[in-house]
Amino acid sequence: MVKIFDWYVQRKPDHTAGLLSEICLEAHTQLDVEPETVGKLIRRSLHLDSKLDKETIDALLDMALPPSAQSSER
């Protein structure tokens, strides 16, 4: 999934916020997972497996994750 996400972000960066919002919404409504938890999981997965550097990942997620998915720890 991370490879697909990397590919998608590089080709459609203007759609990244919508994609992440949709993931957070679906996880919340279908699986009852809080958006902040989803945001943390996405960030951790990308840090572990993405070809993008950590600074780029953090900047991207800081801009693209919905406010409800932003970690209070950052």
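Predicted model, so just to flag it, every value in this text is computed and none were measured.

In total, this model carries three salt bridges according to the counting rule given. The partner of R43 in a salt bridge is D58, and the shortest N-O contact between them spans 2.8 Å. Note that R43 is positioned in helix α3 (residues 35-49) and D58 in helix α4 (residues 54-64), a separation of 15 residues in sequence. You'll find R43 and D58 in the same group, each marked buried. Within this structure, R43, D58 and D62 form a network of salt bridges that share partners.

Okay, α4 next. Among all positions in α4, only I57, D58, L60, L61 and A64 are buried. Buried residues in α4, looked at end-on, bunch into an arc of 165 degrees, giving them a common side. Among the exposed residues of α4, those pointing more than 90 degrees away from its buried face are E55 and M63. Buried residues along α4 sit against α1 (2-11), α2 (16-31) and α3. Measuring from the side-chain oxygen of the N-cap residue of α4 to the backbone nitrogen of E55 gives 3.1 Å; that N-cap residue is D53.

Looking now at unusual backbone geometry. Phi is positive for D32, which is not a glycine, with a value near 60 degrees. Tracing the backbone through its elements, the reader meets D32 in the loop between α2 and α3. Exposure remark for D32: the relative accessible area of 62% places this residue in the exposed category.

What counts and what doesn't
Residues numbered from 1 in each chain as written. Predicted model: local features only at pLDDT ≥ 70, side-chain atom pairs only at ≥ 80, totals over all residues. Heavy atoms only, no water. Salt bridge = Lys/Arg side-chain N within 4 Å of Asp/Glu carboxyl O. Helix = DSSP H or I, 4+ residues; strand = E, 2+ residues; numbered from the N terminus. Buried < 20%, exposed > 50% of the residue type's maximum accessible area, 1.4 Å probe, protein only. Arc of directions from axis to C-beta. Contact = heavy atoms within 4.5 Å. Polar contact = N/O pair within 3.5 Å; in protein donor to acceptor, adjacent residues only side chain to side chain.

Keep in mind these numbers describe shape, not what the thing actually does.
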